[in-house]
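Residue-level listing of the chains:
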Amino acid sequence: MTQQFIDGHWVGGEGQALTSKNPVSQATVWQGQAATAEQVDVAVKSARAAFPRWRQLGFAQREAIVRRFAELLNENKAALADAIGLETGKPRWEALTEVQTMIGKVDISVKSYHERTGEKESTMGDAQAVLRHRPHGVVAVFGPYNFPGHLPNGHIVPALLAGNAVLFKPSELAPMVAQQTVALWEKAGLPAGVLQLLQGAKDTGVALAGHAGIDGLFFTGSSNTGHYLHKQFAGQPDKILALEMGGNNPLIVAQVGNIDAAVFQTIQSAFISAGQRCTCARRLIVPRTAEGDAFLARLVDVAARLKVGRWDDAEAPFMGAVISLAAADHLLQAQEALFARGAKALLPMRRLEAGTALLSAGIIDVSEVSDLSDEEHFGPLLKVQRYQHFEEAIALANATRYGLAAGLLSDNKALYEQFWQESRAGIVNWNKQLTGASSAAPFGGVGASGNHRASAYYAADYCSYPVAGLETPELALPASLPVGLSM
Ligand SMILES: NC(=O)C1=CN([C@@H]2O[C@H](COP(=O)(O)OP(=O)(O)OC[C@H]3O[C@@H](n4cnc5c(N)ncnc54)[C@H](O)[C@@H]3O)[C@@H](O)[C@H]2O)C=CC1
Ligand SMILES: O=C(O)CCC(=O)N[C@@H](CCC(=O)O)C(=O)O
């Protein structure tokens, strides 16, 4: 069994058994064993040894290898998309867009490396003021399951370009995608030890995050895990921690003329990827008016007809299954708990086939739930909150500890200006879906959604540190000496 990539070799894990299953058929797609703390230790030491050579190689040579990886992704697009579809249940069309986004990440990261962390020089008196950036050293990357290729890639590509050695701990729910991706990195010619793959669940993550030999950790995942890591890193100001976490994202509807357009943007916000995007709209804030009723009726009508299916169905579905039976059970239980506390079903989320993680789109009105918990339900469940006045809508939107994405659907520009001023989120959209954030823009949230280390275009910022200097080749006395100093 060769699922770990340690020190340039594919080796078996020596820890707990790990299995990854297709979320619909429940067929095993990957089997292996987790990396133990001892294997993590070997990998960290190997990365430490590899780091100085990788840093000294220079940007141009690192860029050439990263660009070769992009070529290999392109050549293996169909195979990697199939792995994503098979392992996560994501429809093939969407898995292909994920691989395309991974390819696009390379150009964007090269541009951002130069723009955000490039070199600058200016004359300062008889010397040159210089600004350069240096890599941190050895960094860990933890990935989530919802974009098992693209999201870890969003940390790995800029980290490698900047000259770091990387230890990648993928989601235990998508080990096959990680393995195939790292095999392409190996083929691209990365020197041994520069990128290592440590498969495993929480125990492997704990061992890696707590290892004294790492200089930082770049995390994309749930807010709970991110908060846990933040506590674990407390008191270590020498280490860099970048946290991209979840959200409880609000989408307000106010004064819309084109109801179908508003319904389209809402569907794209709430149900794309079966609701498994951190940017998905979780709460839909709708006026208590006849216009609000008409909008909701149309939304329910369209959502009820969304095609849900297997990743490789000949007639492509809009959305696939959620990641696992456990995730589907959890979502259905969460919906039941909300019904028990007064939520009303507008379109109840249902399991479409027994024994599978295929869920239909759900829309429930939670306006009368008194102590609505501020929880991210990571699936196709949209909660509706009705409001009387726009101020109330903004207050509802901001009533969350998270702050990832927020949006307004409205024809009224003044309302948007007010919303933009008062909303608290790292992504604020007007008449556009909340999902599908651009890799060419910074990506991150405030509050419980992140720790002010935005990713995507700004990922370069956390992959290196600035070094400012004053330099001159000539060691000479200044033209005039300071007052009180004679030589
Ligand atoms: N803001 C963002 O950019 C994004 C955030 N997410 C969030 O990710 C979540 C879904 O992904 P999941 O895979 O469920 O996240 P998760 O937090 O369960 O897992 C993420 C990674 O952390 C590891 N891990 C879990 N517990 C750990 C611990 N105690 N110590 C060390 N490592 C640990 C996991 O094995 C995995 O590799 C959602 O909450 C979603 O909102 C997902 C995509 C993007
Ligand atoms: O990371 C990037 O390059 C851009 C941000 C991005 O891809 N966002 C996607 C994924 C959201 C998620 O991670 O769940 C989006 O906004 O749809």
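Not measured: the values here are computed from a predicted model.

Caption draft 1: Just the overall build of the protein chain, in detail. From N to C terminus, the protein chain includes 14 helices and 21 strands. Projected onto the principal axes, the alpha-carbon positions of the protein chain cover approximately 85 × 60 × 40 Å. Looking at the protein chain as a whole, 56% of its 487 residues qualify as buried. For the protein chain, the share of sequence-separated contacts (at least 6 apart) that also reach a separation of at least 24 residues comes to 71%. Surface exposure of the protein chain reaches about 20,300 Å², of which carbon and sulfur atoms provide 54%. Positive and negative side-chain charges in the protein chain, numbering 41 and 46 respectively, have mean positions lying 1 Å apart.

Caption draft 2: Just the sheet that holds strand β5 (residues 120-124), in detail. Pairing is antiparallel in the open sheet, where three strands are placed in the order β5-β6-β21. Looking along the sheet, the strands with just one partner apiece sit at the ends: β5 and β21 (464-471). When strand polarity is set aside, the average angle formed by the axes of neighbouring strands in this sheet is 20°. In terms of strand pairing, strand β6 (residues 127-135) meets β21 through eight bridges, oriented antiparallel. Bridge assignment links L131 to a residue of β21, and that residue is A468.

Caption draft 3: Fine view of the packing of helix α2 (residues 59-75) against helix α6 (residues 175-188). At a minimum axis distance of 8 Å, the contact between α2 and α6 shows a crossing angle of 130°. One finds that α2 runs oblique with respect to α6. α6 is crossed by α2, and the crossing has right-handed handedness. Only T181, L184, W185, K187 and A188 of α6 make contact with α2, whose side of the interface consists of I65, V66, R68, F69, L72 and L73.

Caption draft 4: Seen up close, the packing of aromatic side chains. Tallied over the entire structure, the rule returns seven aromatic pairs. When the ring of Y416 is compared with that of F419, the centres are 6.4 Å apart and the planes differ by 45°; the resulting orientation is tilted. One end of the pair, Y416, and the other, F419, are both in helix α13 (residues 413-422), three residues apart, so they sit about a helical turn from each other. No difference in accessibility class separates Y416 from F419, as the two residues are buried.

Caption draft 5: How the structure looks around the site of ligand 1. In the vicinity of ligand 1 lie 28 residues, with K169, E172, S222, M245 and E376 positioned nearest. Interatomic distance of 2.5 Å between a side-chain N/O atom of K169 and an oxygen atom of ligand 1. Within the backbone of M245, one N or O atom sits 2.5 Å away from a nitrogen atom of ligand 1. Here ligand 1, which alone exposes 850 Å², has 91% of that area covered by the protein.

Caption draft 6: Broad picture of a nonpolar patch on the surface. Taken together, the side chains of L477, L481, L485 and M487 define a hydrophobic patch exposed on the protein surface, amounting to about 430 Å² of accessible area. By the secondary structure assignment, L485 is in the segment after β21. When its relative accessible area of 43% is taken as the criterion, L485 is described as partly exposed.

Caption draft 7: Representation of the site of ligand 2. As a matter of local geometry, ligand 2 sits amid 15 residues, with K105, H150, C278, G436 and S439 nearest to it. Here an oxygen atom of ligand 2 sits 2.9 Å away from a polar atom, N or O, in the side chain of N146. Within the contact set of ligand 2, an oxygen atom lies 2.7 Å away from a backbone nitrogen or oxygen of G436. When ligand 2 is considered free in solution it has 430 Å² of accessible area, and contact with the protein chains removes 96% of it. Considering only residue class, the shell around ligand 2 consists of six nonpolar, seven polar and two charged.

Caption draft 8: Structural view of the side chain of S46. Of note, S46 is situated in helix α1 (residues 37-56). Look at S46 and you get buried, because its relative accessible area is 9%. Residues within four places of S46 in sequence aside, it is in contact with D7, G193 and Q196.

Caption draft 9: Inspection of helix α11 (residues 325-340) at higher detail. The end-to-end C-alpha distance of α11, which contains 16 residues, comes to 22 Å, matching closely the 22 Å that a straight helix rising 1.5 Å per residue would cover. Buried residues of α11: A327, A328, L331, L332, A334, Q335 and L338, and no others. Buried residues in α11, looked at end-on, bunch into an arc of 155°, giving them a common side. In α11, those exposed residues whose orientation departs by more than 90 degrees from the buried face are A326, Q333 and A340. Looking at the buried side of α11, the elements it contacts are β15 (362-365) and β16 (381-387). Backbone geometry just downstream of α11 places G342 in the positive-phi region, at approximately 110°.

Caption draft 10: Representation of the pairing of strand β4 (residues 28-33). Taken together, the five bridges between strand β3 (residues 17-21) and β4 define a ladder with antiparallel strand orientation. Within the sheet, the bridge partner assigned to A17 lies in β4 and is Q33. Hairpin geometry of β3 and β4 is characterised by an intervening segment of six residues between the two adjacent antiparallel strands and by a positive phi of about 65° at Q26.

Caption draft 11: Expanded view of the environment of A405. Among the structural elements, A405 can be located in strand β17 (residues 405-409). Take A405: its relative accessible area is 2%, and that puts it in the buried class. For A405 and R305, which are 100 residues apart along the polypeptide, the C-alpha to C-alpha distance reads 26 Å. Residues in contact with A405, not counting those within four places in the same chain, are N249, P250, T279, A425, I427 and L434.

Caption draft 12: The UniProt feature "binding site: NAD(+)" (unreviewed entry) in the protein chain, seen in detail. As recorded in UniProt, the feature "binding site: NAD(+)" (unreviewed entry) lies at G221, S222, S223, N224, T225 and G226. Within the fold, S222 resides in the loop between β10 (216-220) and α8 (223-232). A distance of 3.1 Å separates the side chain of S222 from the side chain of T225, its partner in a polar contact. Counting through the fold element by element, S223 comes out in helix α8. In this structure S223 comes out as buried when scored by relative accessible area, which is 3%. If we ignore the near neighbours within four places in the chain, the residues touching S223 are M245, G246, R401, Y402 and A448.

About the cut-offs
- Residue positions are counted from 1 within each chain, in the order its sequence is given.
- Just so you know, chain letters begin at A and ligand numbers begin at 1, following the order they were written in.
- In keeping with the predicted nature of the model, local features appear solely for residues at pLDDT of at least 70, side-chain atom pairs appear and are counted solely at 80 or more, and the whole-chain, interface and lining totals rest on all residues.
- Just so you know, side-chain values use all the structure's heavy atoms and leave hydrogens and water out.
- Counting from the N terminus, the helices are the DSSP runs of H or I reaching at least four residues and the strands are the DSSP runs of E reaching at least two.
- For the exposure calls, accessible area comes from a 1.4 Å probe over protein chains only, and a residue counts as buried if that area is under 20% of its type's maximum, exposed if over 50%, partly exposed in between.
- Contact between two residues is taken to exist if any of their heavy atoms lie within 4.5 Å; hydrogens are not considered.
- What sets the accessible areas is the Shrake-Rupley method with a 1.4 Å probe; for residues, cover comes only from the shown protein chains.
- Only four residue types enter the tally: Lys and Arg on the positive side, Asp and Glu on the negative side, with His and both chain ends excluded.
- Charge positions are represented by NZ for Lys, CZ for Arg, CG for Asp and CD for Glu.
- Any two strands with at least two DSSP-identified bridges between them are counted as paired.
- Every angle, taken between N-to-C directions, lies between 0 and 180 degrees, and every axis is a line fitted to C-alpha atoms, over only the stretch in contact when it is a helix.
- Here the angle decides the label: under 35 degrees means roughly parallel, over 145 means roughly antiparallel, 65 to 115 means roughly perpendicular, and every other value means oblique.
- Put simply, a crossing is left-handed when the front helix is turned counterclockwise from the back one by less than a right angle, and right-handed when it is turned clockwise.
- Here a Phe, Tyr or Trp ring, Trp counted by its six-membered ring, pairs with any other such ring whose centre lies within 6.5 Å, and the pair is stacked when the planes are under 30 degrees apart, edge-to-face when over 60, and tilted otherwise.
- Summary of the distance rule: residues count as near a molecule or strand when at least one heavy atom falls within 4 Å of that molecule or strand.
- Side-chain atoms alone can form a polar contact between residues adjacent in sequence; in general such a contact is a pair of N or O atoms within 3.5 Å, and within protein one must be able to donate a hydrogen while the other accepts it.
- By definition, no residue in a patch forms a salt bridge, and every one has over 30% relative accessible area; like charges are joined within 9 Å, nonpolar side chains (Val, Leu, Ile, Met, Phe, Trp, Tyr) within 5 Å.
- Salt bridges are identified by distance alone: a Lys or Arg side-chain nitrogen within 4 Å of an Asp or Glu carboxyl oxygen.
- Each residue receives one of three labels: charged for Asp, Glu, Lys and Arg, nonpolar for Ala, Val, Leu, Ile, Met, Phe, Trp, Tyr, Cys and Pro, and polar for the others, Gly being one of them.
- Given a helix with a known number of residues, its expected span is that number minus one, times 1.5 Å.
- Arc definition: it is the arc formed by the directions from the helix axis to the C-beta atoms.
- UniProt positions are given in the numbering used here, feature names are shortened, and annotations may be inferred rather than shown by experiment.

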